[in-house]
Amino acid sequence: MTDLTTGSHRADANPAGAPAAGSADLRHALARVRAEVGKAVVGQDGAVTGLMIALLARGHVLLEGVPGVAKTLLVRSLSEALSLSTTRIQFTPDLMPGDVTGSLVYDAQTGGFVFREGPVFTNILLADEINRTPPKTQSALLEAMEERQVSVDGVSRRLPDPFIVAATQNPIEYEGTYTLPEAQLDRFLLKLTLDVPEREAEVEVLRRHAAGFNPRDLAGAGVTPVLDARQLNDARAAAAAVGANPDVLAYIVDLARATRRSPSVRLGVSPRGTTALLAAAKAWAWLSGYDSITPDHVQAMLVPVWRHRIQLRPEAELEGVGADAILRSIVQQVQVPI
């Protein structure tokens, strides 16, 4: 399995049930997407896997890392490989909600007001440095993320399908950042951490730049579309059809209840968090060739799906205890169904 925090991978043995030929073809196409993204991005395999899982599970992704670790390039490369439209919003302290959703503007020719779509009307919205803008503007994304629509002047307008938000943020201790509201954090399916690449990967980055690589020219880097929106929708339907037996469902609930009882946690995982974990586990199981999720799939997805959904007690934070460590400890404590 893939550990989305490290990007390591191992092959799953003996998939339960032979997948249909269509599913196998779609999985092969998604593997090619990974290869295309790798032409532009080095050393972030775990994040690539996470973004593909989010697309399959119809969820949004929060990418956290220091500036300069290819968060923006990763999203642009993925959208290019999937033949999806993408727009980028640079979140700044003076950004207004209408700059995100769009607004009514006066049309001199008709003498009336017409709606001008904002950058949110796209397939993959890159919300760059989302925590550099105040909560009022951050909240403009809430309806779009949850309902896949925006409401302006009392009229609701549907967003394109597929639609996901890939938001980047700098660590909160960086100057000029705001804490994201809990309601907005809960709308992100995954929170992925992008670390500084290992030495070998960083050497490869420099080698590519020395050879003329231009991160603003994806076509020049050889990134080509290998999947379209129709095929992506087929893959989504196949992932949603993955089964889950009652014991595994109960296991997810037991893990969530354990977060609520943890002495280090002030606010545990909500029911929305359990459904998010189920959706992510289904997507990962399908990518791995399974027709039903197992406790291994749940455990593999638990940290990236829940790390941003729990709030720690102040004393735990003072002791330097992190959400990831608490979640891994809970996995060790909760009995696994046989």
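Each remark here, short or long, concerns the structure printed above.
To keep things clear, this report deals only with the structure shown in the data block. (Residues numbered from 1 in each chain as written. Predicted model: local features only at pLDDT ≥ 70, side-chain atom pairs only at ≥ 80, totals over all residues. Heavy atoms only, no water.)

### Looking at the overall build of the protein chain
So, step 1. Looking only at helices and strands, the protein chain features 14 helices and 11 strands.
So, step 2. Projected onto the principal axes, the alpha-carbon positions of the protein chain cover approximately 70 × 45 × 40 Å.
So, step 3. Burial status across the protein chain gives 49% buried among its 338 residues.
So, step 4. Pairs at least 24 residues apart make up 78% of the contacts formed inside the protein chain by residues separated by at least 6 positions.
So, step 5. Put simply, the protein chain shows about 15700 Å² of open surface, and 52% of that area lies on carbon and sulfur atoms.
So, step 6. Of the charged side chains in the protein chain, 33 are positive and 38 negative; the average position of the first set lies 2 Å away from that of the second. (Helix = DSSP H or I, 4+ residues; strand = E, 2+ residues; numbered from the N terminus. Buried < 20%, exposed > 50% of the residue type's maximum accessible area, 1.4 Å probe, protein only. Contact = heavy atoms within 4.5 Å. Areas by Shrake-Rupley, 256 points an atom, 1.4 Å probe, with all protein chains shown as cover. Lys, Arg positive; Asp, Glu negative; His and termini not counted. Charge placed at Lys NZ, Arg CZ, Asp CG, Glu CD.)

### Some details on helix H10 (residues 246-261)
So, step 1. End to end, H10 covers 23 Å across 16 residues, agreeing with the expected 22 Å (1.5 Å per residue, within 8%).
So, step 2. Within the sequence span of H10, burial applies to Val 248, Tyr 251, Ile 252, Leu 255, Ala 256, Ala 258 and Thr 259. For H10, the buried positions fall inside an angular range of 155° around the axis, keeping them on one side. Turned more than 90 degrees away from the buried face of H10 sit Pro 246 and Arg 261, all of them exposed. (Expected span 1.5 Å × (residues − 1). Arc of directions from axis to C-beta.)

### Some points on the side chain of Thr 168
So, step 1. Summarising the element assignment, Thr 168 is placed in strand E8 (residues 164-169).
So, step 2. A distance of 2.6 Å separates polar atoms of two side chains, one belonging to Thr 168 and the other to Asp 128.
So, step 3. Only 2.8 Å separates the side chain of Thr 168 from the backbone nitrogen of Glu 129, close enough to count as a polar contact.
So, step 4. Once residues lying within four places of it in the same chain are set aside, the contact partners of Thr 168 are Leu 63, Lys 71, Leu 126, Ala 127, Asp 128, Glu 129 and Ile 130. (Polar contact = N/O pair within 3.5 Å; in protein donor to acceptor, adjacent residues only side chain to side chain.)

### Quick notes on the pattern of salt bridges
So, step 1. Evaluated as defined, the whole model comprises 13 salt bridges.
So, step 2. The residue Glu 36 makes a salt bridge to Lys 39 at a minimum N-O spacing of 3.0 Å.
So, step 3. Take Lys 39: its relative accessible area is 33%, and that puts it in the partly exposed class.
So, step 4. A salt bridge links Arg 230 to Asp 234; the shortest N-O distance between them is 3.4 Å. Of this pair, Arg 230 and Asp 234 both sit in helix H9 (residues 229-240), four residues apart, which is roughly one turn of that helix.
So, step 5. Where salt bridges share partners, they join Arg 58, Asp 161 and Arg 236 into one cluster. (Salt bridge = Lys/Arg side-chain N within 4 Å of Asp/Glu carboxyl O.)

### Quick notes on the packing of H10 against helix H12 (residues 295-306)
So, step 1. Between H10 and H12, the least distance of the axes is 11 Å, while the angle of their chain directions is 35°. The chirality of how H10 crosses H12 is right-handed. For the pair H10 and H12, the contacting residues are Val 248, Tyr 251, Ile 252, Leu 255, Ala 256 and Thr 259 in the first and Pro 295, Val 298, Gln 299, Leu 302 and Trp 306 in the second.
So, step 2. Split into classes, the residues belonging to the contact of H10 with H12 amount to nine nonpolar, two polar and no charged. (Axes fitted to C-alpha atoms, helices over the stretch in contact; angles between N-to-C directions. Left-handed = near helix turned anticlockwise from the far one by under 90°. Nonpolar A, V, L, I, M, F, W, Y, C, P; charged D, E, K, R; others polar.)

### Topic: the packing of H12 against helix H14 (residues 323-333)
So, step 1. Here H12 crosses H14 at 150°, and the two axes come no closer than 10 Å. Considering their axes alone, H12 and H14 lie roughly antiparallel with respect to each other. As for the relative orientation of H12 and H14, their crossing is right-handed in sense. In this structure, H12 contributes Gln 299, Leu 302, Val 303 and Trp 306 to the contact, and H14 contributes Asp 324, Leu 327, Arg 328 and Val 331.
So, step 2. Looking at the contact of H12 with H14, its residues break down into five nonpolar, one polar and two charged. (Parallel < 35°, antiparallel > 145°, perpendicular 65-115°, else oblique.)

### Considerations on the packing of aromatic side chains
So, step 1. The final tally for this structure, using the stated rule, is two aromatic pairs.
So, step 2. Seen in terms of ring centroids, Tyr 106 and Phe 113 are 5.6 Å apart; in terms of plane orientation they differ by 70°. Their pairing is edge-to-face. For the pair formed by Tyr 106 and Phe 113, the shared burial category is exposed.
So, step 3. Ring geometry for Phe 115 against Phe 121: centres 5.9 Å apart, planes inclined by 70°, an arrangement best described as edge-to-face. Taken individually, Phe 115 and Phe 121 each receive the classification buried, so the pair is uniform in this respect. (Phe/Tyr/Trp six-rings, centres within 6.5 Å; stacked < 30°, edge-to-face > 60°.)

Distances and angles like these do not, on their own, reveal function.
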